[in-house]
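Summary of the model geometry
Letter by letter, the chains look like this.
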Amino acid sequence: MASQQPFTADDFGIYYVLTECTDHYDPFPVNGADENQPHFQGVTGLQNLGNTCYMNAILQCLCSISPLVEYFLSGKYITALQKDCSEVATAFAYVMTDMWLGDSDCVSPEIFWSAFGKLYPAFMKKTQQDAQEFLIYVLNELHETLKKYHRRRSYEKRSIPRFCRKMIANESSIITRLFEGQLNYSIICLKCENCTYKNEVFTVLSLPIPSKYECSLQDCLQCFFQQDTLTWNNQIYCSFCETKQETAVKANISKAPKIIVFHLKRFDILGTTKRKLRTDIHYPLTNLDLTPYICPIFRKHPKYNLCAVVNHSGDLDGGHYTAFCKNSVTHAW
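This text gives an overview of the structure that appears in the document. Owing to the predicted nature of the structure, the values given are computational and were not obtained by experimental measurement. (Residues numbered from 1 in each chain as written. Predicted model: local features only at pLDDT ≥ 70, side-chain atom pairs only at ≥ 80, totals over all residues. Heavy atoms only, no water.)

Some words on the sheet that holds strand β7 (residues 195-202)
Taken together, 4 strands build an open sheet; the order of strands is β7-β6-β13-β10 and the sheet is antiparallel. Edge positions in the open sheet fall to β7 and β10 (228-230), since each of these has one partner strand only. The average angle at which neighbouring strand axes cross in this sheet is 30 degrees, direction not considered. As judged from the 8 bridges shared by strand β6 (residues 181-189) and strand β13 (residues 247-255), these two strands associate in the antiparallel manner. For isoleucine 188, the partnering residue across the bridge sits in β13 and is alanine 248. Together, β6 and β13 form the strand contacts of helix α8 (residues 217-225), whose direction differs from that of β13 by roughly 125 degrees. (Pairing = 2+ DSSP bridges. Helix = DSSP H or I, 4+ residues; strand = E, 2+ residues; numbered from the N terminus. Axes fitted to C-alpha atoms, helices over the stretch in contact; angles between N-to-C directions. Contact = heavy atoms within 4.5 Å.)

Let's talk about the packing of aromatic side chains
A full pass over the atoms with the stated rule returns 15 aromatic pairs. Both rings, one in tyrosine 54 and one in phenylalanine 134, keep their centres 5.3 Å apart while their planes meet at 85 degrees; by these two values the pair is edge-to-face. Pair noted here: tyrosine 54 is in helix α1 (residues 53-62) and phenylalanine 134 is in helix α6 (residues 131-146), with a separation of 80 residues, a long-range link. Of the two residues, tyrosine 54 and phenylalanine 134, both sit in the buried class. Ring plane angle 70 degrees and centroid distance 5.0 Å describe the contact between phenylalanine 72 and phenylalanine 92, whose orientation is recorded as edge-to-face. Taken together, the residues span a long stretch of sequence, with phenylalanine 72 in helix α2 (residues 66-73) and phenylalanine 92 in helix α4 (residues 87-101) at a distance of 20 residues. Comparing phenylalanine 72 with phenylalanine 92, the two get one shared label, buried. (Phe/Tyr/Trp six-rings, centres within 6.5 Å; stacked < 30°, edge-to-face > 60°. Buried < 20%, exposed > 50% of the residue type's maximum accessible area, 1.4 Å probe, protein only.)

So this is what it looks like as structure tokens:
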């Protein structure tokens, strides 16, 4: 459910975070809320259709991201629709319209749930599902529906070192423009010291939790981006040594997305036992600085403001998802 209550920086049930990059952010243009209306734009509950809290929490977050709201409410998505697979995107637009332009305090996402379930039947079983997995499927489906083909452009060979060149995808959409980032991995053979590079596109960064009791989001980021040594069964084949060798791997961000999604890995395996980590994680509401993790040649000092959080309460056997979202009209949580 949407909330206008103050949101603390120390919420301990955090599951993952969506944040907006302040470098590129254009506030969604809206008229001031009518004081005579008890209902605020975008502050609308979603009906539970039977263990669909994971879906409602994700929809609340996506429907609070201003550039995405502007794209769908303005009708821009209509010209991008692929005729053979437009049902999910159209249903998503209906949910967003009901939440932002309707006059109800609570609406049903049943049309979207039904359209999405036709493609992914597992989500129609009315059983508990993983919110992060659902988010990835939704973003992928919206991209496939709204994508446009672009010819690949070449770069001047001398302008940028080869290992840091930005990859330009053949297909782009509102989803790739907002959520897609790119990681660059440097891979060093510890025997011959040969260094190779690998690029990987991401929409969600799954961060480890390095402490048992308390840590910060920056601690999780530092743990993710620290150099790792691959040994034993994790060794990587070296083309120079022509055999698998111990390898040092380090990642950095070669392209920072406009909207960055963090998934905090609270479910852990200790031996043969699975458990949920209940570490208290502190994170800033504004100016989260990712500069230390950006490829130096592309460093643009990106800073992010928190825009939405999904919390998971419960354990491995069952639980409940809730969302806290910043409203772009009232700027309240």
